[in-house]
Amino acid sequence: MKLALITGITGQDGSYLADYLLTNDYEVHGVVRRTSSLERSRLAHLFKNPDIYNKRLFLHYADLEDITALRRIFLGIQADELYHLAGQSHVGLSFPMAEMTCDLTAIGTLRLLEIMRDMPGKPRLFHPSSSEIFGQPKSFPQNEDTPYLPTSPYGCAKAFATQIVKVYRDCYGLFACNGIMYNHESPRRGENFVSRKICRAAAAIKLGLQSKLVLGNLDAERDWGYAPDYVRGMWLSLQQQKADDYLFATGETHSVRELVDLAFNAMDLKWESYVELDTTLFRPSEPLRLVGNASKAKHELGWMPSCSFQELINLITRTEFDSLQQLGSERPLSGGIAFNRT
Ligand code: F7E
């Protein structure tokens, strides 16, 4: 049985990756931050399974800044594969929280590489890079050779982390891969990312639980895919003979406005009646359009995206509708206008 260690296991990607690896007979260890809330809802289905939790799925407490705790966990587990998914992943919030973002995302990755260098049996490392490293690219679609021109603290931190992974691979022979991930969404996406925020609002408005949706830049264009596909790409990257970098994207671009239109259409609503713009939600700078060319991953890994943009937005909106209907109005909507300023 192979052993995998996942930092950021409670996030969207971490939870899908845990599902994927457990289905493929792995023993999975996750590193989690200590927080005052014990809610780890994306893993709830695994905790409930007596054949999985504390049998093939184990959680360990450590912060990314706590090198001693991390080193102890890494040495204790001696994983075959290490998926480093933890970090501050909200691009908008990286402007007010620039130092924290760079410390976790850039220096956090370097700290992990340093621990790996000293380990006797070195795991294979997957690092999720981001299309944000390209910022305002000069060529479309982007590929693995497109120069980095990040426009946010998050993009800068990811550019550093991506490059340092390559440096450690080349200098120290580590099996370390970057996956350049374009936006990938699902019903498990955090509520302050635009796909989930919009789909949740459309469902809540349909159910009479919310009256309006406040958004920032509707003209931004992104390449949006389905998160479980991207998690499969992470695993495939580590199954190759040689460590390399791969870009994961659908090759299609859509605007935030199109996303709004699809989500509200799925609920038979006209979005123009409910959406308000708020300039404070615009970022100081951001990529206008990003679209990726995943030919290398398709040819070398046999990777393919499985879900169209319309299917993805329908899936998230309908899942929101069902879960909000079940919850009724008992739970306050954190994705609603009162709380969500991102
Ligand atoms: O924004 C615009 C916003 O926050 C998408 C992360 O996973 O993908 C993600 O980063 C677009 C941007 O994702 C709102 O300005 C308009 O143009 O869902 P998002 P992101 O910033 O693209 C990349 C690849 C990553 O690596 C990141 O970790 O939507 N937008 N109005 C808004 N965005 C948000 N969040 N909220 C709004 O109200």
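Thresholds, definitions, all that
- Residues numbered from 1 in each chain as written.
- Predicted model: local features only at pLDDT ≥ 70, side-chain atom pairs only at ≥ 80, totals over all residues.
- Heavy atoms only, no water.
- Helix = DSSP H or I, 4+ residues; strand = E, 2+ residues; numbered from the N terminus.
- Buried < 20%, exposed > 50% of the residue type's maximum accessible area, 1.4 Å probe, protein only.
- Contact = heavy atoms within 4.5 Å.
- Areas by Shrake-Rupley, 256 points an atom, 1.4 Å probe, with all protein chains shown as cover.
- Lys, Arg positive; Asp, Glu negative; His and termini not counted.
- Charge placed at Lys NZ, Arg CZ, Asp CG, Glu CD.
- Phe/Tyr/Trp six-rings, centres within 6.5 Å; stacked < 30°, edge-to-face > 60°.
- Near = heavy atom within 4 Å.
- Polar contact = N/O pair within 3.5 Å; in protein donor to acceptor, adjacent residues only side chain to side chain.
- Nonpolar A, V, L, I, M, F, W, Y, C, P; charged D, E, K, R; others polar.
- Domains from an automatic or database assignment.
- Pairing = 2+ DSSP bridges.
- Axes fitted to C-alpha atoms, helices over the stretch in contact; angles between N-to-C directions.
- pLDDT = per-residue confidence, 0-100.
- Parallel < 35°, antiparallel > 145°, perpendicular 65-115°, else oblique.
- Left-handed = near helix turned anticlockwise from the far one by under 90°.
- Buried area = accessible area lost by both parts, 1.4 Å probe.

S.K.: Please give an account of the overall build of the chain that cites residues and values.
M.R.: Within the chain one finds 10 helices and 13 strands. Here the chain holds 342 residues, and 54% of them are scored as buried. Long-range pairs, those at least 24 residues apart, make up 80% of the contacts in the chain with a sequence separation of at least 6. When the accessible surface of the chain is totalled, it reaches about 15,000 Å², and 51% of it is carbon and sulfur. Distance between charge centroids for the chain: 2 Å, based on 37 positive and 40 negative side chains.

S.K.: Account for the packing of aromatic side chains, naming residues and giving values.
M.R.: A full pass over the atoms with the stated rule returns 9 aromatic pairs. Centroid distance Tyr 168 to Tyr 172: 4.9 Å. Interplanar angle 70°. Geometry classified as edge-to-face. Of this pair, Tyr 168 and Tyr 172 both sit in helix α5 (residues 153–172), 4 residues apart, which is roughly one turn of that helix. For Tyr 172, a relative accessible area of 41% corresponds to the partly exposed category.

S.K.: I'd like a rundown of the site of the ligand, residues and numbers included.
M.R.: Not every one of the 24 residues close to the ligand is listed here, only the nearest: Ser 89, Ser 130, Arg 283, Glu 286 and Thr 342. In the model, an oxygen atom of the ligand is placed 3.2 Å from a nitrogen or oxygen of the Arg 222 side chain. Contacts to the ligand include Arg 283, whose side-chain N or O atom sits 2.6 Å from an oxygen atom. About the coverage of the ligand: the protein hides 96% of its 700 Å² of free accessible area. A per-class count over the shell around the ligand returns 10 nonpolar, 9 polar and 5 charged. Both domain 1 (3–184 + 224–248) and domain 2 (190–222 + 252–289 + 308–327) contribute no fewer than three residues apiece to the shell around the ligand.

S.K.: Account for the sheet that holds strand β3 (residues 57–61), naming residues and giving values.
M.R.: Taken in spatial order, the 7 strands of this open sheet run β3-β2-β1-β4-β5-β6-β11, and their pairing is parallel. With partners counted over all chains shown, the strands left at the sheet margins are β3 and β11 (246–248), one partner each. Geometrically, the sheet is characterised by an average inter-axis angle of 20° between neighbouring strands, direction not taken into account. One ladder, built from 5 bridges, connects strand β2 (residues 27–32) with β3; its direction is parallel. When the bridges of β3 are listed, Gly 30 appears paired with Leu 59. Across the sheet, helix α4 (residues 98–118) touches β4 (81–84) and β5 (124–130), and the angle it forms with β4 is around 165°.

S.K.: I'd like a description of the confidence of the model for the chain, backed by residues and values.
M.R.: Scored by pLDDT, the chain has a mean of 95; 95% of the residues are at 70 or more. Contacts for the low-pLDDT stretch residues 335–339, under 50 throughout, to residues beyond four places or in other chains number 11 contacts.

S.K.: Hey, could you go over the packing of helix α3 (residues 67–77) against α4 for me, with residue numbers and the actual values?
M.R.: Contact pair α3 / α4: the axes reach a minimum separation of 10 Å and the direction vectors enclose 45°. As far as their axial angle goes, α4 and α3 are oblique. Crossing geometry of α3 relative to α4 is assigned as right-handed. Across the interface between the two elements, Ile 67, Leu 70, Arg 71 and Phe 74 of α3 pack against Arg 111, Leu 112, Ile 115 and Asp 118 of α4.

S.K.: So what's going on with unusual backbone geometry? Which residues, and what values?
M.R.: Here Phe 140 and Pro 141 are connected by a cis peptide whose omega angle stands at -10°. Secondary-structure assignment places Pro 141 in the loop between β5 and α5. Within the chain, Asn 54 stands out as a residue other than glycine whose phi angle is a positive 65°. In this structure, Asn 54 sits in the loop between α2 (44–47) and β3. Of note in this structure, Gln 78 is not a glycine but carries a positive phi near 50°. Secondary-structure assignment places Gln 78 in the loop between α3 and β4. Residue class for Gln 78 comes out partly exposed when judged on its relative accessible area of 32%.

S.K.: Describe the domain arrangement of the chain, listing the residues and the values that go with them.
M.R.: Interface size is often expressed as the accessible area that is lost when the parts come together. The domain architecture assigned to the chain consists of domain 1 (3–184 + 224–248) and domain 2 (190–222 + 252–289 + 308–327). The C-alpha centroid of domain 2 is placed 27 Å from the C-alpha centroid of domain 1. Listed per partner, the contact involves 17 residues of domain 1 and 20 residues of domain 2. Taking both partners together, domain 1 and domain 2 bury about 1,600 Å²; carbon and sulfur atoms supply 60% of that area.

S.K.: Tell me about the packing of α4 against α5, residues and numbers included.
M.R.: Where α4 meets α5, the closest approach of the two axes is 8 Å, and the angle between their N-to-C directions is 10°. In this view, α4 runs roughly parallel relative to α5, as classed from their interaxial angle. On the side of α4, the interface is formed by Ala 98, Thr 101, Cys 102, Thr 105, Ala 106, Ile 107, Thr 109, Leu 110, Leu 113, Glu 114 and Arg 117, while α5 contributes Pro 153, Tyr 154, Ala 157, Lys 158, Phe 160, Ala 161, Ile 164, Val 165, Tyr 168 and Tyr 172. Among the residues making up the contact of α4 with α5, the classes are represented as 15 nonpolar, 3 polar and 3 charged.

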